[in-house]
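Structure at a glance
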Amino acid sequence: MKQVARARAKPAVAPKIGFVSLGCPKALVDSERILTQLRAEGYATSNAYADADLVIVNTCGFIDAAVEESIGAIGEALAENGRVIVTGCLGAQGDVVRNAHPQVLAVTGPHDTDAVLRAVHDNLPRPHDPYVDLVPPQGIKLTPKHYAYLKIAEGCDHRCTFCIIPSMRGGLVSRPVGDVLQEAENLVKAGVRELLVISQDTSAYGVDIKYRTGFWRGRPVKTRLFELARGLGELGAWVRLHYVYPYPSVDDLIPLMAEGCLLPYLDIPFQHASRRILQLMKRPASAERVLHRIAAWRAACPELTLRSTFIVGFPGETEAEFEELLQFLEEAQLDRVGCFAYSPVEGAAANLLTGCVPEPLKEERRARFMAVQQKISAARLAAKVGRTLVVLVDSIDSNIAIARSSADAPDIDGVVTIRGAKRLRAGSFAEVVVEGSSEHDLSGRLAA
Ligand code: SF4
């Protein structure tokens, strides 16, 4: 049985999808579901290959003759249109389809409307229709118009002993790369100038789905941070990476920062420097190697800003181990640092460790830690006095603009205040000559 959906009058801008439905009534119902969802989302259907922007072939794989008919139908759609998504029973045998027709855009199995819709979104994004859509294409955002958080995954596969996030949010689930890039593109089109990439474990992006290939702008893109970063870099906005677990693969991102594809900024929690404490935390355990890597990153990208977080007073932390952490800080010369006194969270594995550090001692260590870091931060900011920096303006207060450079993430880092900034507006970029510095912030004037 072969049916081709009838076209109906649609707005000229609606993308058109041709649909070939093969097989039994169960497959027919799957086709109806897919078409219903596509129509609900504003896609049009077409009964002519030449008129369609893309063709979906819902296949049958029941007997050899049905397989042959399906393979033939895919071949016909490819010859007549060229852009084909395959679904249905034969789609469950992806190799059979891909061996016969390697140029198909995507292959999904039976009863998987979501996967078909994802493949359609990846290859034929639906334009926003202001007369039909109730929300803008970038969604509802609580951040200022010029920056937005871009969540790329949920959950975490690590088991850091101080953390209960994996038990609350589950293991890593990466969003399809096409969806993420499309969301980012919509945000930039809506006026966003800075994308803040977040997740529980940003560098693990795609591990859970074996770096599956998705599609964006009609081309294949691997679900992996490197490829995602390169795609985001094409959008012309600042791209800032947060919560990057210190995997070896992070090294590959540094050249992207050096060439301007990503902001030269890495938010990478190291948590401690003592090998024994890191092992108790179930974190990567080699301060020496971290120092070596930091030196290599800075050699490859001298503009790099490093932000990190640490925990002091972890169960069993000795004075010598804390001193080791201070020594690491002096050597690492990190730009931005947050420090937490360890606090036991109900359900965390670390609660079972012995050697609880008394509260006053935890606080004392935190204060000592911050005193060391404040000197480092202040010196690193003072070294910027006299330089000209590009900044993104967050707000204007009479004649003073509050802005941020590539070294400043919103809310957690410092700011650059600019005097004589009447002509600037929030969301605009400016060049600033740095004239002053403090422990956290810079101040300056507009460059000539
Ligand atoms: S601290 Fe971060 S990496 Fe470790 S388990 Fe929690 S969410 Fe995962």
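Not measured: the values here are computed from a predicted model.

1. What about the overall build of the protein chain?
When helices and strands are counted, the protein chain shows 12 helices and 21 strands. Seen through its principal axes, the protein chain has C-alpha atoms that stretch 75 × 60 × 35 Å. Within the protein chain, the proportion of its 448 residues that are buried is 51%. Seen as two clouds, the 51 positive and the 53 negative side-chain charges of the protein chain have centres 3 Å apart.

2. Quick word on the site of the ligand
In the region of the ligand, the neighbouring residues are Cys-156, His-158, Cys-160, Phe-162, Cys-163, Ile-165, Pro-166, Gln-200, Tyr-245 and Arg-283. When atoms are counted within 2 Å of each cavity's grid points, the one that captures over half of the ligand is the largest pocket. The residue inventory of the shell around the ligand, partitioned by class, reads 7 nonpolar, 2 polar and 1 charged.

3. Here we look at the packing of aromatic side chains
For the structure shown, the criterion picks out 8 aromatic pairs. Relative to Tyr-149, the ring of Tyr-147 lies with its centre 6.5 Å away and its plane at 90°, an arrangement referred to as edge-to-face. Through successive ring pairs, a cluster of aromatic residues spans Phe-270, Phe-310, Phe-328 and Phe-369. Here the basic side chain of Arg-224 rests over the ring of Tyr-211, its NZ or CZ set 5.4 Å away from the ring centre.

4. Some details on the confidence of the model for the protein chain
Per-residue confidence for the protein chain gives a mean pLDDT of 91, with 95% of residues at or over 70. Confidence scores differ between elements of the protein chain, with strand S1 (residues 2-4) showing the lowest mean pLDDT of 43 and strand S13 (residues 238-241) the highest of 98. Low pLDDT, under 50, characterises residues 1-12; the stretch is placed with 30 contacts to residues that sit more than four places away or in other chains.

5. Some words on the pattern of salt bridges
Tallied over the entire structure, the rule returns 30 salt bridges. Notably, a salt bridge pairs Arg-240 with Glu-194, separated by 2.7 Å at the nearest N-O pair. With Arg-240 in strand S13 and Glu-194 in strand S10 (residues 194-198), the pair connects residues that are 46 residues apart, well separated along the chain. The partner of Arg-365 in a salt bridge is Glu-319, with the nearest N and O atoms 3.5 Å apart. Of this pair, Arg-365 sits in helix H12 (residues 359-382) while Glu-319 sits in helix H11 (residues 319-332), and the two are 46 residues apart along the sequence. Using a relative accessible area of 3% as the deciding quantity, one classes Arg-365 as buried.

6. Details of the sheet that holds strand S20 (residues 429-437)
The strand order S17-S18-S19-S21-S20 describes a closed barrel built from 5 strands, whose pairing is mixed. Each adjacent strand pair in this sheet contributes to an overall mean axis angle of 50°, direction not counted.

7. Observations regarding the side chain of Arg-336
Note on placement: Arg-336 falls in strand S16 (residues 336-341). Engagement of the side chain of Arg-336 in a polar contact is seen with the backbone oxygen of His-440, the distance being 3.0 Å. Those residues in contact with Arg-336 that lie beyond four places of it in its chain are Thr-305, Leu-306, Arg-307, Ser-308, Leu-381, Ala-407, Asp-408, Asp-413, Gly-414 and His-440.

8. Quick look at the pairing of S20
Looking down a regular strand, the side chains alternate between one sheet face and the other. Judged from the 5 bridges that link them, strand S17 (residues 388-397) and S20 form a sheet pairing that is antiparallel. Following the sheet pairing, Thr-388 is matched in S20 by Val-433. In this sheet, strand S21 (residues 442-446) lies alongside S20 in antiparallel orientation, the contact comprising 5 bridges. Note on S21: the bridge partner recorded for Gly-436 is Ser-443. Between S20 and S21, which pair antiparallel and follow one another directly, the connecting turn spans 4 residues.

9. Looking at the environment of Val-188
Here Val-188 lies in helix H6 (residues 177-189). Judged by its relative accessible area of 15%, Val-188 is buried. Residues Val-188 and Gln-138, 50 residues apart in the sequence, show an inter-C-alpha distance of 8.6 Å.

10. Some remarks on the layout of surface pockets
Computed from the structure, the largest pocket encloses a volume of approximately 1100 Å³. As for the largest pocket, its lining consists of 44 residues, of which Tyr-243, Pro-269, Gln-271, Thr-309 and Phe-340 are closest to the centre. A per-element tally of the lining of the largest pocket places S16 first, with 5 residues. By residue class, the composition of the lining of the largest pocket is 21 nonpolar, 12 polar and 11 charged.

11. A look at the nonpolar core
In terms of nonpolar packing, the biggest core is built from 61 residues, with Leu-195, Leu-232, Leu-266, Trp-297 and Phe-369 touching the most fellow members. Residues within four places of Trp-297 in sequence aside, it is in contact with Val-250, Asp-251, Ile-254, Leu-266, Ile-268, Phe-270, Leu-304 and Leu-306. By size, the runner-up hydrophobic cluster in this structure holds 17 residues, among which are Ala-52, Ala-73, Leu-90 and Val-107.

12. Remarks on the environment of Leu-381
Mapped onto the elements, Leu-381 comes out in helix H12. Owing to a relative accessible area of 6%, Leu-381 belongs among the buried residues under this scheme. A sequence separation of 46 residues divides Leu-381 from Asp-335, and the C-alpha atoms of the two residues are 8.2 Å apart. Not counting chain neighbours up to four residues away, the residues in contact with Leu-381 comprise Arg-336, Ser-437, Ser-438, Glu-439, His-440, Asp-441 and Leu-442.

Definitions and limits used
- Residues numbered from 1 in each chain as written.
- Predicted model: local features only at pLDDT ≥ 70, side-chain atom pairs only at ≥ 80, totals over all residues.
- Heavy atoms only, no water.
- Helix = DSSP H or I, 4+ residues; strand = E, 2+ residues; numbered from the N terminus.
- Buried < 20%, exposed > 50% of the residue type's maximum accessible area, 1.4 Å probe, protein only.
- Lys, Arg positive; Asp, Glu negative; His and termini not counted.
- Charge placed at Lys NZ, Arg CZ, Asp CG, Glu CD.
- Near = heavy atom within 4 Å.
- 1 Å grid on protein atoms, 1.4 Å probe; cavity = no way out; pocket = protein on both sides within 12 Å on 5 of 7 lines; lining within 4 Å.
- Sits in = over half its atoms within 2 Å of the grid points.
- Nonpolar A, V, L, I, M, F, W, Y, C, P; charged D, E, K, R; others polar.
- Phe/Tyr/Trp six-rings, centres within 6.5 Å; stacked < 30°, edge-to-face > 60°.
- Lys NZ or Arg CZ within 6 Å of the ring centre and 35° of its normal.
- pLDDT = per-residue confidence, 0-100.
- Contact = heavy atoms within 4.5 Å.
- Salt bridge = Lys/Arg side-chain N within 4 Å of Asp/Glu carboxyl O.
- Pairing = 2+ DSSP bridges.
- Axes fitted to C-alpha atoms, helices over the stretch in contact; angles between N-to-C directions.
- Polar contact = N/O pair within 3.5 Å; in protein donor to acceptor, adjacent residues only side chain to side chain.
- Points joined across faces, edges and corners; volume = space filled by probe spheres on them.
- Core = buried A, V, L, I, M, F, W, Y, C linked by side-chain atoms within 4.5 Å.

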